[in-house]
Amino acid sequence: MTGKEYRTITDVKGPLVFLNKTEPVAFGEIVTLRLSNGEIKNGQVLDTSDDLVIVQVFEGTAKINRDTGVTFMGDVFKLPVSTDLVGRILDGAGRPRDGGPEIVADEKADIIGAAINPYSRQSPHDFIQTGISAIDCCTTLVRGQKLPIFSASGLPHNDIALQIARQAKLKDSDEEFIVVFCAMGITAEEYNFFRSDLERTGALENAVLFVNLADDPAVERIITPRLALTAAEYLAFEKDYHVLVIYTDMTNYCDALRQIGAAREEVPGRRGYPGYMYTDLAMLYERAGIVKGKKGSITQFPILTMPGDDITHPIPDLSGYITEGQIVISRELHQQGIYPPINVLPSLSRLMGSCIGEKTTRDDHKKVSDQMYAAYAQGRELRGLVAIVGEDALNERDKQLLDFSGVFEDQFLRQSRDEDRTIDETLDLCWQLMANIDTKYLVRLDEELIKKYHPENRA
Amino acid sequence: MSNEGVIYRISGPVVTAIGMNAAMYDVVRVGHEGLMGEVIELHGEKAVIQVYEDTSGIRPGEPVLNTEETLSVSLGPGLLTQIYDGIQRPLASLEEVMGVFITRGVDADAFDMEKTWTFEPQVAKGDELVSGQVFGHVQETETIIHKIMVPPGKGGKVKSIESGDFNNTQTVCVLEDGTELQMMQKWPVRSPRPFTQKYAPDTPLVTGMRILDFLFPLAKGGAAGIPGPFGSGKTVTQQSLAKYSDAQLVVYIGCGERGNEMTEVLDEFPHLIDPNTGKPLMNRTVMIANTSNMPVAAREASVYTGITIAEYFRDMGYDVALMADSTSRWAEAMREISSRLEEMPGEEGYPAYLSSRIAEFYERAGRVETLNGDDGSVTVIGAVSPPGGDISEPVSQGTLRIVKVFWGLDAGLARQRHFPAINWLNSYSLYPQSLDQWFRDNIAQDFPEIRTQISGLLQIEAELQEIVQLVGSDALPVDQQLTLEVARMIREFFLQQNGFDPVDAYCDIKLQYEMAKAILSFQEAAKTAMADGALLNDVVNVPARSNLMRGRFEEGYIERIEAMVKEMNEQIADAVEAN
Ligand SMILES: Nc1ncnc2c1ncn2[C@@H]1O[C@H](COP(=O)(O)OP(=O)(O)O)[C@@H](O)[C@H]1O
Ligand SMILES: [Mg+2]
């Protein structure tokens, strides 16, 4: 199939090229475009018929004209995979970016990826200790989960992601994760931050990086996460690794989707994003998990920045509908100087129930987590009331809860960027802080646990 | 023209074929790999096809073959305990052929056609059979007898009938006119199965969830919508309904949602016991799983596959409950296909026929007289996922126009971990009128009145809360403070119900009634004691009240509750003297 070069471009619009052609071209087929100045661009077939082919060009359509030669490569987009990927840095289209050699392929894998048969999945249940109290106690991470960070511009989501990547481990085990890092449209500065941190801690040797930066072609971002996930699937399901995929920033990815939709003159959905964005995102996020008969796993940490800090914006909204919870970063806490500024109230780990308890974390985990959450939620609500009626109008219980909300933020949430708390330390800290509240108000704890763990009874 | 054409165009899941004789909704095989598709539009020579599998790599010029059948499901013994994809391929068979990833171009029978079942005839030679009549039984699972019916449209005098072990395709009955009947029949998914007449529902679908049964009951044969933003509890509620509701059969459709949620059901249900029969839940369950990353056209088909299976069991005279999580994903699949067809969009890009499709789907719910004179029902409970949680959008609105029960999930309640996070102020059920007689006859004569009192207290609380927001609760007169405490008790003791609690997740309806009465009894006792000088604080804090409230987490509560209420009331009376 390869070889024949067509010069039949009729229209160019945004990232799309339209051409008449003569032989049958496959849907999804990859395409090379040779410009008259010798430059080579790549693309993929979005629509194909006897009369017309529409190609989406990854590097943008600048300088493409009717003389541009178009060659259809005879196959859909594939990534050469092998364990040589580990330790490498590739660009957003999968080419070496670190000056190293081409990847010698064990096999070539279709980057769209096939759906995991729901019947073949295994429910995730292994507790991952991140060393961050807010996460470990309140929105516990499970191996094989997809748990995004909902952040916004100017907030320290990258520090949190890196801290998780550095510290994440199974309890009582030093089995390590392979990190697959996927950058989509982030700045060079952000990238360098990630890279140097991975380098500093030696994690880079155990990582694969796919990098599309802010000044790289926008449309390429459509394939970058697919490459990263294809590499992750290979490492997890063919080579038995536990893989942690961090991808950032999903917002740039979605904007690239919107750009293509607009160029195709599709009927836009909410805020101009395509109507199929839910399905498109699901084809990425659902590539997390554990499957029967395979030793490895894929855990995903997508990072997205909420435009206008708005959680109902289509990007966080559709993500939240697909992922297994979310960790929400709060500007307010950040402004109070608290790191990590995780707002536990809208945060959620849907898989938490399956991985906490006596056998995995500790017998008091569930109740402590509920009580911490409830007390903090009430305390936060009282802040609003106090602003209206004044602190004197509060009864004893409410005063204690109000004070607790401050302690919660200052001592429970706050920790340093290299502070790696064990789950026992985190839970003990909870008890210590809850001791500021009369036990009779700690209604979510039972007497047995109070006897066992309350500082008054442990001394 | 013949039944074979070639591909002219491919655009995602939509393929156009030319040169093929086709009718609307014909099932076709696309390309060299024979991918399954369905004709959804005709333009002169061109047939537009939605393809149920991934189309990458397919080229114009490849063949398209029209099977001239319509998209149908296979109905017969073997359906129960299965998990299917959107076009009724068993996921277990797909795993056998493809491994853990779903590739394409593989066909799979809906059930093992070789497997034999013990057929027990229910009619004899010479009997006259009408359409829909039951002519044999198969004990399919421990709890369910699969009734073998004459397919709609057929009938006649029995010439011969078998007894013993047969598979689904063997003839078990021959009619005088030569018609051969097998245990299995087929039915096109887009056509409702026929029945004699629809009845007005008069029996509740008892769910074991207090807020639903007590305040917003759903009728057997009714339809309910559960809209809510992500994380508000749509899936947990649907799963609780699948576990605990007193339907005889459950069809659970995971439509465009998470893979792991289906795995969870698969892991859990075989070990869970149906509180209504004491047998494993899986025995009464059929699952359809077309998750968010599976092909979008098959997602569109999945709700039809599910409801046709539900109707089939209804026709046997069973009460069937169908859950669809989430109907919004189905609507989005329609939108995606419609936009590929370049149809004129309606609101928010959805096709103009969205609301009529939604209405047609929910209309397939109902309590009916079946063709053979039995009474059966299909109850439909659809989750809705409105963008940003705002139900002014087309799918929510289209649903609310047709369903009679609205269980509105509320992000604020979920955030307070008040579960189920169903908002009691804006949810509604239009069924109480028709169900009240059942509640009076089967639970308690004054059941409707008790319900009115409970919901009245919640209304008053909402009004009082507005004042509290301005002045603090201490500024209210004590009788109103008591009302607030009673309402708090309703919320925390009655409305809240942890879907994962081993005991409280399911609450017998008789117990629901006793718990509601216990709250009103507390109110009475407290009023009396306070009139005699007891302090609100003392009344509220009597130890027996917290015992009563905690009691619901332990087995045997229904036997103990009366004594616990009595003890509470005595301690409250004592609070007068303590003062
Ligand atoms: N009835 C319930 N009891 C206890 N927890 C619940 C209940 N409903 C929801 N939850 C909690 O809320 C989370 C999200 O619920 P889910 O049903 O998955 O939401 P949705 O389907 O609306 O996104 C669950 O993981 C669980 O922690
Ligand atoms: Mg859900």
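Residues numbered from 1 in each chain as written. Chains lettered and ligands numbered in written order. Predicted model: local features only at pLDDT ≥ 70, side-chain atom pairs only at ≥ 80, totals over all residues. Heavy atoms only, no water.

1. Considering the overall build of chain A
Check the secondary structure of chain A and you find 13 helices and 23 strands. For 459 residues, the compact-globule estimate of 2.2 N^0.38 gives 23 Å, and chain A sits close to it at 25 Å. Expressed as lengths along the three principal axes of its C-alpha atoms, the size of chain A is roughly 80 × 50 × 40 Å. Counting every position in chain A, which comprises 459 residues, the buried fraction comes to 60%. A separation threshold of at least 6 residues defines the contact pool for chain A, and within that pool the share at least 24 residues apart is 73%. Here chain A displays about 16,900 Å² of accessible surface, and carbon together with sulfur accounts for 47% of that area. Taken together, the 50 basic and 70 acidic charged side chains of chain A have centroids lying 2 Å from each other. (Helix = DSSP H or I, 4+ residues; strand = E, 2+ residues; numbered from the N terminus. Rg over C-alpha atoms; globule rule 2.2 N^0.38 Å. Buried < 20%, exposed > 50% of the residue type's maximum accessible area, 1.4 Å probe, protein only. Contact = heavy atoms within 4.5 Å. Areas by Shrake-Rupley, 256 points an atom, 1.4 Å probe, with all protein chains shown as cover. Lys, Arg positive; Asp, Glu negative; His and termini not counted. Charge placed at Lys NZ, Arg CZ, Asp CG, Glu CD.)

2. Things to note about the site of ligand 1
Close contacts around ligand 1 come from 15 residues, with A:R350, B:G231, B:K234, B:V236 and B:G499 the closest. The residues that come close to ligand 1 belong to more than one chain, namely chains A and B. Between ligand 1 and B:G233 there is a distance of 3.0 Å, counted from an oxygen atom to a backbone nitrogen or oxygen. Isolated, ligand 1 exposes 560 Å² of accessible area, and the fraction of that covered by the protein chains is 90%. Of the residues contributing to the shell around ligand 1, the split by class is 6 nonpolar, 7 polar and 2 charged. (Near = heavy atom within 4 Å. Polar contact = N/O pair within 3.5 Å; in protein donor to acceptor, adjacent residues only side chain to side chain. Nonpolar A, V, L, I, M, F, W, Y, C, P; charged D, E, K, R; others polar.)

3. What to know about helix α6 (residues 277-285) of chain A
Burial of α6(A) is extensive: 8 of the 9 residues sit out of reach of the surface. Considered for burial, the residues of α6(A) that qualify are A:M277, A:Y278, A:T279, A:D280, A:L281, A:A282, A:L284 and A:Y285.

4. Here we look at the side chain of A:S151
All names here are of chain A. Within the secondary structure, S151 is located in strand β15 (residues 149-151). In terms of polar contacts, S151 uses its side chain to reach the side chain of H157, at 2.6 Å. Residues in contact with S151, not counting those within four places in the same chain, are H157, L304, T305, M306 and I329.

5. A word on the pairing of strand β3 (residues 26-30) of chain B
Residue and element names in this part refer to chain B. Counting buried positions over the 5 residues of β3 gives 4, a clear majority of the element. Direction of pairing for β3 relative to strand β6 (residues 63-70): antiparallel, over a ladder of 4 bridges. In the strand pairing of β6, V28 is matched with N66. With 4 bridges connecting them, β3 and strand β4 (residues 35-43) associate as antiparallel partners. Following the sheet pairing, V28 is matched in β4 by G37. (Pairing = 2+ DSSP bridges.)

6. Structural notes on the pairing of strand β2 (residues 9-13) of chain A
All names here are of chain A. Bridge count between β2 and strand β3 (residues 16-19): 4 bridges; the pairing is antiparallel. Within the sheet, the bridge partner assigned to I9 lies in β3 and is L19. Linkage of β2 to β3, two consecutive antiparallel strands, is achieved through a turn of 2 residues, within which G14 is found at a positive phi near 55 degrees.

7. What to know about the interface of chain B and chain A
Across the boundary between the two partners, chain B contributes 65 residues, which contact 62 residues of chain A. Both sides together, the interface formed by chain B and chain A hides about 5,400 Å², and carbon and sulfur atoms give 54% of it. Between A:K292 and B:E95 there is a salt bridge whose closest N-O contact spans 3.4 Å. Between chain B and chain A we count 31 residue pairs in polar contact (both at pLDDT 80 or more) in total. If you list the elements that add at least two residues to the side of chain B that touches chain A, you get β1 (4-11), α1 (91-98), β9 (101-102), α4 (259-268), α5 (296-315), α6 (327-340) and α11 (447-471) of chain B. With 8 residues, the top contributor of residues to the side of chain B that touches chain A is α4(B). Summarising the sheet, strand β5 (residues 40-49) of chain A and β1(B) pair through 2 bridges and their orientation is antiparallel. The residue of β1(B) that forms the bridge with A:S49 is B:R9. (Buried area = accessible area lost by both parts, 1.4 Å probe. Salt bridge = Lys/Arg side-chain N within 4 Å of Asp/Glu carboxyl O.)

8. Quick notes on the side chain of A:S330
Residue and element names in this part refer to chain A. Positionally, S330 belongs in the loop between β22 (325-329) and α8 (331-335). On the accessibility criterion, S330 (9% relative accessible area) is buried. A distance of 3.0 Å separates a polar side-chain atom of S330 from the backbone nitrogen of L333. When sequence neighbours within four positions are dropped, the list of residues in contact with S330 reads L155, P341 and N343.

9. Notes on the confidence of the model for chain B
Interpretation of the predicted coordinates at a detailed level should be avoided for regions scoring low in pLDDT. Summing up the model confidence of chain B, the mean pLDDT is 93 and the portion of residues at 70 or higher is 99%. Here the complex is predicted with pTM 0.94, and the ipTM for its interfaces comes to 0.91. (pLDDT = per-residue confidence, 0-100.)

10. So, the packing of aromatic side chains
Counting across every chain of the model gives 24 aromatic pairs over all chains. In textbook terms, an aromatic cluster arises when at least three aromatic residues are bridged by ring pairs, as seen for B:F214, B:W438, B:F439, B:F447, B:F494 and B:Y513. Here A:R417 stacks its cationic end above the ring of A:Y339, 4.0 Å away from the centre of that ring. The ring centre of B:F494 lies 5.9 Å from the NZ or CZ of B:R210, which sits over that ring. (Phe/Tyr/Trp six-rings, centres within 6.5 Å; stacked < 30°, edge-to-face > 60°. Lys NZ or Arg CZ within 6 Å of the ring centre and 35° of its normal.)

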